[in-house]
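# Architecture and fold: a report
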Amino acid sequence: MVDRLPPVRVRFAPSPTGRTHLGSGRTALYNYLLARQTGGQFLLRIEDTDQKRYVPEAEQELIESLNWLGLQWDEGPDVGGPYGPYRQSERKEIYLEYAKQLVEKDKAYYCFCTPERLARLREQQMHNKQPTMYDGLCRQLTLEDALRRVRQGEPHVIRFKTPKEGSITVRDYLRGEITVENRTIDDYILVKSDGWALYHLAAMVDDQLMRITHVLRSSEWLSTFPLHAHIIRAFGWQEPLFVHLSVFLKPSGKGKMSKRESAQLLQDGYSIFIKDLEQLGYLPEAVVNWIALMGWSYDDKTEFFTMQDLIEKFSLDHLNPSPAAINFTKFDHFNGLHIRHLAIEDLAKRVKPFFVKAGLKVEDQKLIQIAPIIQERLVTLDDAVEMAGFFFREELEYEPSLLIGKNMSATQSLKALQECERLLSSLDFTEKETIETALRSLAEHMGLKAGQLFGILRIAVTGQSVSPPLIESMVILGKATVMERVQIALKRLAEVVQESSA
RNA sequence: GCCCCCAUCGUCUAGUGGCCCAGGACGCGGCCCUCUCAAGGCCGAAACACGAGUUCGAACCUCGUUGGGGGCACCA
């Protein structure tokens, strides 16, 4: 058992600009776990201050993804809460207010430099191999002058007045103290000329106003962390605990996943987008288990975790700061593991949509019977169709020559199948043992290995060379269907024999 | 180029100075089980990036090197 923290207030604060991927899912998950473990609150905050990049579908997908994973938030744009609104686009005035406070405190200043001048400046600095930073031209302006120009309607932004001397030490929970020279920190823009705040200001203000105690966010924020600390301290606020989570790398471990690579991945039946995973036959339980373990571990052996396990066992202390390569093979393993842990009725229910999607008419009653014999054979839920589609197909399509048994001639095989037909027609199909015993002794009488006989029958009954256990399958299928299929197979095999002798 | 972070099997990781000639998992190879395929069981190959130091003792501490990653927008 881990040492419990007092109730935390944590948040997941995505910006709806693209698809929700595994990395976001993990950040949300860790926040969620911490909240549930400590009896605190998990908030969802939509960071949509950049209307140029806003993608309406993105927010919908985000919500669906989180819901699918089972991460419910206690406060958020849809459910409300005492510290709303939870959508930054509805908080524009709040940020502006706080930005002005910083100006009054001489911690920020108005800047009238045009984007063109800034671009030129940057270019020059790059050319001279200097760090690319604002040169502080407007920093010298008196507040009086600046205010006058603002009143005259001159386009302007508000920049943070980063100290030019000394250094700042910040503390990341995983990495300890990080000290940075102030002169390497830019005078970042806090408020754009259109009046919208940038992340650096908005997020700090919101975290403060929403009483956030722990910030678990992506480590891509690590480089601006010192700036964030400066902003918080400029206001004189208490800092939340910052935890910067490692990034996810592509399977090769060489950098982040690109758009192109994501598309390629889908060809192989994988995706880094949470919303795709359901259709690909993955369980949310498996996704949660898998991503939880990328950057966090419990001990030196336990790997199977349910959400409840994670809530109990998650701990900030076992987080790993180094980047992790995404390993889809391991994902498959976890999916199989969680499929095998499903109750039969549950498995049947989850597998059903995949049959339906394949255009098969399924009966729930039969699905319940099938579930146990396919359960340990599935990697993804959609494998069920390939494995057990024959239960629901009217007609089986297969290459007739497959009906020839291993190391047998077509004629021999035909003879064997004829014997099977005769035997089977005399049997009662309620007990699996009856059929199995009979078939095995038939094989023995004919001087065949059980595998040879079963192989022929397997094709006849399922149309597949790989199937769930044959006898069980036949019992579920029922005598009538089995006999019908054997007779069809008999006819097909007879043709093969004829052709080969002709 | 500048700033920051990271560094244990191919991959995810355990390890917080002696329990480690380094443990688990995936994957890989072999064997067992077996009506096919799986699942399961057993066995095996496989790592402390490198170099200095500190220490009686270093995967663990310090410094450097190298490698990798992230950031350098009126994006988040």
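What you see is a predicted model, and the numbers here were worked out from it, not measured in a lab.

## A few points about the environment of S426
Within the secondary structure, S426 is located in the loop between α16 (410-425) and α17 (432-445). A sequence separation of 49 residues divides S426 from V475, and the C-alpha atoms of the two residues are 14 Å apart.

## Here's the deal with the packing of aromatic side chains
For the structure on display, the rule yields 17 aromatic pairs. Taken together, a centroid distance of 5.7 Å and an interplanar angle of 65° make the contact between Y98 and W237 edge-to-face. Taken together, the positions of Y98 in helix α3 (residues 92-104) and W237 in the loop between α7 (225-235) and β9 (241-245) put the pair 139 residues apart, joining distant regions of the chain. Taken as a pair, Y98 and W237 share a single burial class, namely buried. Here R149 stacks its cationic end above the ring of F112, 4.2 Å away from the centre of that ring. Between R159 and the ring centre of Y134, over which it is positioned, the NZ or CZ distance is 3.7 Å.

## Comments concerning the protein's contact with RNA strand B
Around RNA strand B, the structure places 63 residues, and the nearest of them are R53, K192, R377, R440 and R458. Each atom of RNA strand B within 4 Å of the protein belongs either to a base or to sugar and phosphate, the latter forming 71%. A distance of 2.6 Å is found between a sugar or linking oxygen of RNA strand B and a backbone nitrogen or oxygen belonging to E376. Here a base oxygen of RNA strand B and a side-chain polar atom of R458 are 2.4 Å apart. When contributions to the surface near RNA strand B are tallied by element, the ones reaching two or more residues are α4 (115-127), α6 (199-209), β11 (324-325), α12 (328-340), α18 (450-462) and α19 (470-477). For the surface near RNA strand B, the leading source of residues is α12, giving four residues. Partitioned by chemical class, the residues of the surface near RNA strand B number 23 nonpolar, 18 polar and 22 charged.

## As for the packing of α3 against α6
Close contact between α3 and α6 brings their axes to 10 Å; oriented N to C, the two are set at 100°. With respect to α6, the element α3 is oriented roughly perpendicular. On α6, the residues that touch I94, Y95, Y98 and A99 of α3 are L201, A202, V205, D206 and L209. Looking at the contact of α3 with α6 residue by residue, the classes come out as eight nonpolar, no polar and one charged.

## A look at the pattern of salt bridges
Two side chains carrying opposite charge are able to pair once their charged atoms lie near each other. The final tally for this structure, using the stated rule, is 35 salt bridges. Across the salt bridge formed by R45 and E47, the nearest N and O atoms sit 2.9 Å from each other. Residues R45 and E47 agree in their burial class; the two are buried. In this structure, a network of salt bridges that share partners links the residues R11, R45, E47, R91, D206 and D207.

## Remarks on helix α2 (residues 56-69)
Between its first and last C-alpha atoms α2 spans 21 Å; for 14 residues at 1.5 Å apiece the expected length is 20 Å, and the two agree. Those residues of α2 that fall on the buried side of the exposure criterion are A58, E59, E61, L62, I63, S65, L66, W68 and L69. Along its buried surface, α2 packs onto β1 (9-12), α1 (22-38), β2 (41-44), α9 (274-279), α10 (284-292) and α11 (307-313). Where α2 ends, the next residue or the one after it, G70, has phi of about 90°, a positive value.

Procedures and definitions
Residues numbered from 1 in each chain as written. Chains lettered and ligands numbered in written order. Predicted model: local features only at pLDDT ≥ 70, side-chain atom pairs only at ≥ 80, totals over all residues. Heavy atoms only, no water. Helix = DSSP H or I, 4+ residues; strand = E, 2+ residues; numbered from the N terminus. Phe/Tyr/Trp six-rings, centres within 6.5 Å; stacked < 30°, edge-to-face > 60°. Buried < 20%, exposed > 50% of the residue type's maximum accessible area, 1.4 Å probe, protein only. Lys NZ or Arg CZ within 6 Å of the ring centre and 35° of its normal. Near = heavy atom within 4 Å. Polar contact = N/O pair within 3.5 Å; in protein donor to acceptor, adjacent residues only side chain to side chain. Nonpolar A, V, L, I, M, F, W, Y, C, P; charged D, E, K, R; others polar. Axes fitted to C-alpha atoms, helices over the stretch in contact; angles between N-to-C directions. Parallel < 35°, antiparallel > 145°, perpendicular 65-115°, else oblique. Contact = heavy atoms within 4.5 Å. Salt bridge = Lys/Arg side-chain N within 4 Å of Asp/Glu carboxyl O. Expected span 1.5 Å × (residues − 1).

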